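# Structural features, examined
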Amino acid sequence: MSVNGIWKIEMLGPYGWESVSTAFLEDGRYLSSSQDHYAVGSYVVTGSLVKMTAATHSHGQVRTMFGARDPQMVLSFDGEISGDQINGQAEDKAAKYSITFRATRLADIS
């Protein structure tokens, strides 16, 4: 199953779903950004499951995420692909704290 495409990444917070970035997934490579951060990483698809790992870098206002206010984090995302959506858990590798996330396909990559 291919997840190549452009995706909207959202995380579930105390007030509902919060859009955190736009991601570009292509042939195992994961790239994402927002106005104040970017992330570079990789992903592997096994059947309907996807595992992504990315190093995030804040270059603007640093947000508190996963209970920390760190300008650099290594995150992992484990999700299940269902049509044009991926649902799962995102985890900060250092804190071992997870947040529910979802990704919605916006467009093909090419």
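Residues numbered from 1 in each chain as written. Predicted model: local features only at pLDDT ≥ 70, side-chain atom pairs only at ≥ 80, totals over all residues. Heavy atoms only, no water.

### Comments concerning the overall build of the protein
Looking only at helices and strands, the protein has zero helices and eight strands in total. In the protein, the succession of α and β elements from N to C terminus is β-β-β-β-β-β-β-β. When each of the 110 residues of the protein is scored for burial, the buried share is 34%. Restricting the contact set of the protein to residue pairs at least 6 apart, pairs at least 24 apart contribute 37%. Put simply, the protein shows about 6200 Å² of open surface, and 51% of that area lies on carbon and sulfur atoms. (Helix = DSSP H or I, 4+ residues; strand = E, 2+ residues; numbered from the N terminus. Buried < 20%, exposed > 50% of the residue type's maximum accessible area, 1.4 Å probe, protein only. Contact = heavy atoms within 4.5 Å. Areas by Shrake-Rupley, 256 points an atom, 1.4 Å probe, with all protein chains shown as cover.)

### Concerning the pairing of strand β2 (residues 16–26)
Note that strand β1 (residues 5–13) and β2 share nine bridges and pair antiparallel. Looking at the pairing, Ile9 lines up with Ser21 of β2. Here β1 folds back onto β2, and the loop between the two strands holds two residues. Sheet topology note: the β2/strand β3 (residues 29–33) ladder contains five bridges and is antiparallel. By the bridge assignment for β3, Phe24 is matched with Leu31. (Pairing = 2+ DSSP bridges.)

### Some words on the sheet that holds strand β7 (residues 85–92)
With respect to topology, eight strands assemble into a closed barrel ordered β1-β2-β3-β4-β5-β6-β7-β8, the strand pairing being antiparallel. Taking each pair of neighbouring strands and ignoring which way they run, the sheet shows an average axis angle of 30°. Sheet topology places strand β5 (residues 49–58) next to strand β6 (residues 72–82); nine bridges connect them, and they run antiparallel. Within β6, the residue paired with Met52 across the bridge is Phe77. (Axes fitted to C-alpha atoms, helices over the stretch in contact; angles between N-to-C directions.)

### Comments concerning unusual backbone geometry
One non-glycine residue with positive phi stands out, namely Asp27, at about 50°. On the secondary structure map, Asp27 appears in the loop between β2 and β3.

### Details of the packing of aromatic side chains
Under the definition given, this model contains two aromatic pairs. One aromatic cluster is present, built from ring pairs that chain together Tyr30, Phe77 and Phe101. (Phe/Tyr/Trp six-rings, centres within 6.5 Å; stacked < 30°, edge-to-face > 60°.)

### Some remarks on the pattern of salt bridges
Side chains that differ in charge, positive against negative, can pair when their charged atoms come close. A complete count under the given rule lists four salt bridges for this structure. Here Glu10 ties to Arg102 by a salt bridge, and the two come within 2.7 Å at their closest N and O atoms. Of this pair, Glu10 sits in strand β1 while Arg102 sits in strand β8 (residues 97–107), and the two are 92 residues apart along the sequence. Here Glu10 falls in the buried class, since its relative accessible area comes to 8%. A cluster of three or more residues bridged by salt bridges with shared partners is formed by Lys8, Glu10 and Arg102. (Salt bridge = Lys/Arg side-chain N within 4 Å of Asp/Glu carboxyl O.)

### Some remarks on the nonpolar core
The biggest cluster of nonpolar side chains holds 22 residues, and the ones touching the most others in it are Trp7, Leu25, Tyr30, Met52, Phe77, Ile86 and Phe101. Elements that contribute at least two residues to this core include exactly β1, β2, β4 (37–46), β5, β6, β7 and β8. Broken down by element, the residue count for this core peaks at four residues, all from β6. Aside from chain neighbours lying at most four places away, what touches Tyr30 is Ile9, Ala23, Phe24, Leu25, Ala39, Val40, Gly41, Ser42, Tyr43, Met52, Ala54 and Phe77. (Core = buried A, V, L, I, M, F, W, Y, C linked by side-chain atoms within 4.5 Å.)

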